[in-house]
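# Per-entry structural report
What follows is each chain in one-letter form.
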Amino acid sequence: MIAQLCAKIGANINLDLLEVALTHRSFAYEAGGLPTNERLEFLGDSVLGLIVTDELYKRFPDLPESRLSPLRSGIVNTKALADVARNLELGKYIRLGKGEEVTAGRDKASILADTLEALIGAIYLSEGFAKAEQIILMLLNPAIDEAINKGAGLDGKTALQELVAARGKNAPEYSITESGPDHDKSFVAQVLLSGKVAGEGYGKSKREAEQIAATKAYESLLSESE
């Protein structure tokens, strides 16, 4: 059955690695301590992040980091990765424990996204970086295009403003504190959503601090499971 998954994504994955990549910790614990997919997830997350970052860096040579960062977060967040996993029907291949099985774990965004990252780790180890890059870009191109259409050119504050508006939340509020002599001031910005601190940033100007705080809040919101 898992050979179908290899064929679907066009990869020749070592079957032992693939089996581990599909093993959720709930199954591993119930089976008496089998290896889980968490190490492969850790590896795959880094491979995925590098490939997406490299792709955006090359596509947008003039965009600063403050704009590239929220753009990347729109591609590699839990919801986006879970959508990719659903398109692959990855859920039906995951080895789940009984508890997760009865609580619809096969369609849980966090489990799907984590398993996709573990699968990427297995692809990287089996096929090497170039093949992993080819497959990742093939799988994520729709998510990349969507994120670009929504956010290319947006700075952190604008991206956050649009995201909270889309989710029906109150507009972000910013709090600034400054320190240091006039010739060498530094600023700390906090962005608050519904009165709670959602991100904090440091900079040599108010704008820089606010942009960093907004980007962190944006990334945090995107990482929340939906």
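## Regarding the overall build of the protein
In terms of helices and strands, the protein carries eleven helices and three strands. Order of helices (α) and strands (β) in the protein, N terminus to C terminus: α-α-α-α-α-α-α-α-α-α-β-β-β-α. Projecting the C-alpha coordinates of the protein onto the three principal axes gives extents of approximately 65 × 40 × 30 Å. Looking at the protein as a whole, 43% of its 226 residues qualify as buried. Long-range pairs, those at least 24 residues apart, make up 58% of the contacts in the protein between residues at least 6 apart in sequence. For the protein, the accessible surface area stands at approximately 11600 Å², while carbon and sulfur atoms represent 51% of it. For the protein, the distance from the average site of its 25 positive side-chain charges to the average site of its 33 negative ones is 2 Å.

## Things to note about the packing of helix H5 (residues 65-76) against helix H11 (residues 206-223)
Interhelical geometry of H5 versus H11 gives an angle of 5° and a closest axis separation of 9 Å. Classed by the angle they form, the pair H5 and H11 counts as roughly parallel. From H5, Ser66, Ser69, Pro70, Ser73 and Gly74 reach across to H11, where they touch Thr215, Tyr218, Glu219 and Leu222. Split into classes, the residues belonging to the contact of H5 with H11 amount to three nonpolar, five polar and one charged.

## With respect to helix H6 (residues 78-87)
Those residues of H6 that sit buried are Thr78, Ala80, Leu81, Ala82, Val84 and Ala85. For H6, the side-chain oxygen to backbone nitrogen distance between the N-cap and Lys79 is 3.0 Å, and the N-cap itself is Asn77.

## Here's the deal with unusual backbone geometry
The phi torsion of most residues other than glycine is negative, and most of the peptide bonds are trans. Despite not being glycine, Glu89 shows a phi value in the positive range, around 55°. Within the secondary structure layout, Glu89 lies in the loop between H6 and helix H7 (98-102). Classification of Glu89 by relative accessible area gives partly exposed; the value is 43%.

## So, the nonpolar core
Judged by nonpolar contacts, the single largest core of 48 residues is most densely connected at Ile13, Leu116, Leu119 and Leu140. Setting aside residues no more than four positions away along its own chain, Leu119 makes contact with Leu5, Ile9, Ile13, Leu18, Ala21 and Leu90.

## Describing the sheet that holds strand S2 (residues 186-193)
As summarised here, the arrangement of the three strands in space is S1-S2-S3, forming an open sheet in which the pairing is antiparallel. Edge positions in the open sheet fall to strand S1 (173-179) and strand S3 (196-203), since each of these has one partner strand only. Put simply, the sheet's adjacent strands are angled 20° from each other on average, direction ignored. The sheet contact formed by S2 and S3 spans seven bridges and is antiparallel. Residue pairing for S3: Leu192 is matched across the bridge by Val197. Where H11 meets the sheet, its contacts fall on S1, S2 and S3, and the angle it forms with S3 comes to roughly 140°.

Calculation rules
Residues numbered from 1 in each chain as written. Predicted model: local features only at pLDDT ≥ 70, side-chain atom pairs only at ≥ 80, totals over all residues. Heavy atoms only, no water. Helix = DSSP H or I, 4+ residues; strand = E, 2+ residues; numbered from the N terminus. Buried < 20%, exposed > 50% of the residue type's maximum accessible area, 1.4 Å probe, protein only. Contact = heavy atoms within 4.5 Å. Areas by Shrake-Rupley, 256 points an atom, 1.4 Å probe, with all protein chains shown as cover. Lys, Arg positive; Asp, Glu negative; His and termini not counted. Charge placed at Lys NZ, Arg CZ, Asp CG, Glu CD. Axes fitted to C-alpha atoms, helices over the stretch in contact; angles between N-to-C directions. Parallel < 35°, antiparallel > 145°, perpendicular 65-115°, else oblique. Nonpolar A, V, L, I, M, F, W, Y, C, P; charged D, E, K, R; others polar. Polar contact = N/O pair within 3.5 Å; in protein donor to acceptor, adjacent residues only side chain to side chain. Core = buried A, V, L, I, M, F, W, Y, C linked by side-chain atoms within 4.5 Å. Pairing = 2+ DSSP bridges.

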